[in-house]
Amino acid sequence: MNHTSTKALNLTLKIWRQAGPDQPGALKSYTLTDISPDMSFLEMLDVLNEQLIAKGEEPVAFDHDCREGICGTCGVMINGQAHGPDSATTTCQLHMRRFSDGDTILIEPWRARAFPIVRDLVVDRSAFDRIIQSGGYVSVNTGGAPDANAIPVPGHAQQDAMAAAACIGCGACVASCKNASAMLFVSAKVTHLADLPQGQAERSKRVLNMVATMDSEKFGNCTNTGECEAACPAGIKLSNIAQMNREYMKAVLFSCE
Amino acid sequence: METGSARPKAGLIDCVGLRWFFRLLSSSIGQKFVMGITGLLLCGFLAAHLAGNLLLFAGAELFNDYAHKLHEQWELLIVAETGLAVLFLAHIYLAFATAAGNGRAREDDYAMKQPKVPGRVIGANTWMFASGAVVLGFVLLHLVDLRLGMEGIDLRGLKLKDMKPFDATVKVLSNPISRVVYTIGAIILGIHLSHGFSSAFQSLGLNHPKYTPMIKLLGKIFAFVIAVGFASLALFVPEIWRK
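If you're wondering where the values come from, they're calculated on a predicted model, not measured in any experiment. (Residues numbered from 1 in each chain as written. Chains lettered and ligands numbered in written order. Predicted model: local features only at pLDDT ≥ 70, side-chain atom pairs only at ≥ 80, totals over all residues.)

**Focus: the overall build of chain A**
Each helix and strand in chain A was counted, giving eight helices and seven strands. Partitioning the contacts of chain A with sequence separation of at least 6, the portion at a separation of at least 24 is 72%. (Helix = DSSP H or I, 4+ residues; strand = E, 2+ residues; numbered from the N terminus. Contact = placed C-beta atoms within 7 Å.)

**Let's talk about the interface of chain B and chain A**
In this assembly, 34 residues from chain B lie in contact with 39 residues from chain A. Listing elements by their share of the side of chain B that touches chain A, those giving two or more residues are helix H2 (19–26), helix H3 (28–53), helix H5 (74–105) and helix H8 (176–203) of chain B. For the side of chain B that touches chain A, the per-class residue count stands at 12 nonpolar, 14 polar and eight charged. (Nonpolar A, V, L, I, M, F, W, Y, C, P; charged D, E, K, R; others polar.)

**Observations regarding the confidence of the model for chain B**
When pLDDT is averaged along chain B, the result is 91; 95% of the residues meet or exceed 70. For this predicted complex, the interface score ipTM comes out at 0.90, alongside a pTM of 0.92. (pLDDT = per-residue confidence, 0-100.)

**Side note on helix H7 (residues 165–174) of chain B**
Residues and elements named next belong to chain B. Of all 10 residues making up H7, seven are buried, and the element is well covered by its neighbours. Listing the buried residues of H7 in full gives Pro 165, Phe 166, Ala 168, Thr 169, Val 170, Val 172 and Leu 173. Looking at the packing, one finds that the buried side of H7 touches helix H4 (60–72), helix H6 (128–151), H8 and helix H9 (212–240). (Buried ≥ 20, exposed ≤ 12 C-beta atoms within 10 Å, placed from the backbone.)

**Structural notes on the domain arrangement of chain A**
Residue and element names in this part refer to chain A. Here the domain parsing of chain A yields domain 1 (9–112) and domain 2 (125–254). A C-alpha centroid distance of 30 Å is found between domain 1 and domain 2. A class-by-class count of the residues in the side of domain 1 that touches domain 2 yields seven nonpolar, seven polar and one charged. (Domains from an automatic or database assignment.)

**A few points about the pairing of strand E5 (residues 104–108) of chain A**
All names here are of chain A. Where strand E1 (residues 9–18) and E5 come together, four bridges link them in parallel fashion. Paired with Thr 12 across the two strands is Thr 104, which belongs to E5. With two bridges joining them, strand E3 (residues 77–78) and E5 adopt antiparallel strand pairing. Residue pairing across strands places Ile 78 opposite Ile 107, the latter belonging to E5. (Pairing = 2+ DSSP bridges.)

**Focus on the environment of Leu 217 of chain B**
All names here are of chain B. Within the secondary structure, Leu 217 sits in helix H9. The exposure class assigned to Leu 217 is exposed, which follows from the 11 C-beta atoms found within 10 Å. Sequence separation between Leu 217 and Ser 194 is 23 residues, and the spatial gap between their C-alpha atoms is 9.3 Å.

Given below as C-alpha cells:
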C-alpha cells in the first residue's frame, strides 16, 4: 500500500463491534463507496457513521478529539498496525489516499488487559492516568517566569526532555507491543522530567512510583522488539526505555526512597 | 502519617534493610535487569567453555591436560559450578515469570497483527522463550552425558566411567542422538544470543548513541562465533578423531 490514490475509493471495512465492556464482540463488515482520498481516516469513519445513523443502526464508537495529532485521544489498529501503515502518524493524521480502491480495511481497538474495551473501538486508558498520577508533581516553586539564563539547561538535555515530552499518551506502544508493555510511555514520562533541573527533587521517587503503578496495572514486560518505537506517533525512542531502566536501578540501589 | 497507634513490628526483611532487594526482584524492570546480568555472565561462561573445548581439535594430550588442570582446582570448581547453577536457575525462573506476565497482559489477540518496524521479520526477539527452552533441553542432555556420565551415573549407557576426558568427549560426540541435539542446540543458542546479547545491555540501561551500534554488531558476531564454534565440535571432532 505504498502508492497513493487520487480517485474516489470503494472500500470494505471490517470493524470490531462490541456493545459494552462485558458484551461479546465480533468483526462486522461494511461497504463504503465514493470515499474521497483527501479524507482523513476518522472522516471516513464519520461518513460510515452518518450512513449507519440514517439507516437507524448504532454508529461505531471511536475516540477522537483534536484531529490534528496532538491530543492522543484517537488510535485504532488498522490492518494490524497501530495508527495504520504510516510512521510518526496518528489515526486522525492518516489519509485515505494511503489506501487503494477495493481494499479491505480491518479496524480493531487497542487490545491489552490494562486497556479494557468500553465499546466498539473505544478502550479505557485510565491506567495511563494512574501512572501519571503516581508520578506526583514537581515541587519547585516556579514563581514568575524566570530569566532565560537563570536556570542553566544544556542544549542536549533540553532537546531530550522536549523529545520525551512529545508523548501524547495515545497507547499505540501498548497496542503494538506483543507483550502489551507500557515501557515506552512510562519511559517518556520518567525521562522528560529526569533530564531537567526542575525534575531533580522527586527524581527517584517519581520513577519508583510510576514503575510500581505500571506493574500493578498489569502491563507486560519489555522484550526489546522495537515495535513500540515504530508505532509511536510522537517519535519516542527505545533509548528512553534504557534511560528509564537506568533511572529505576539508580533509584532502587542508591536513593533513600 | 502518625496515627497514635503502635507501629507494626518490623519483620526480618526490614530489620536487615532488604526491602529494596525484594522491590527490585518483584518489579518488571528489576526482573529484566537480573535477566540481563545473568544472561551476560552466562555469555562469559560460554566464551570460556568454547575456548577450552576448542582444544578438542588440538588433540588428546592438550585437552586432557586442560581438563585435569581445571579439575585439580576442585575448591574453585565447586564455587564455579554453584555460581553457574544459580545463574541458570535465576535466568530460567525469570523467563517463566516474565513470560507469564506477558501472556496475561493481552488476553484477547488481534484478528490481524503486522510489524511496523521497517523490514522486520518476526525473528529471534519473538522466540526467546522457545529458543531458551531448546537450549535448556540441550544443556540438560549435555549434563546427563558428561557431567553425570563421567561420575559413573550412566543414564544413557555410554560407559564413560574411568575414561580420559578426551576419549569420553569424543565418544559422546560420536553418539548420533547427542551429535544431532548438540548441533541443533548450538545453532538455536546462536539465535538466542543474536537478540539476547545486545538486548541485555538495553535492560541494564546501557544504551548510548556512541556504543549501542557497536554492541549490536558485537552481539551478532558473538552469537555467530558461539553457534559455529560449538556446532563445529559436534560436527567435526568425531570425524577427525575417529579410530
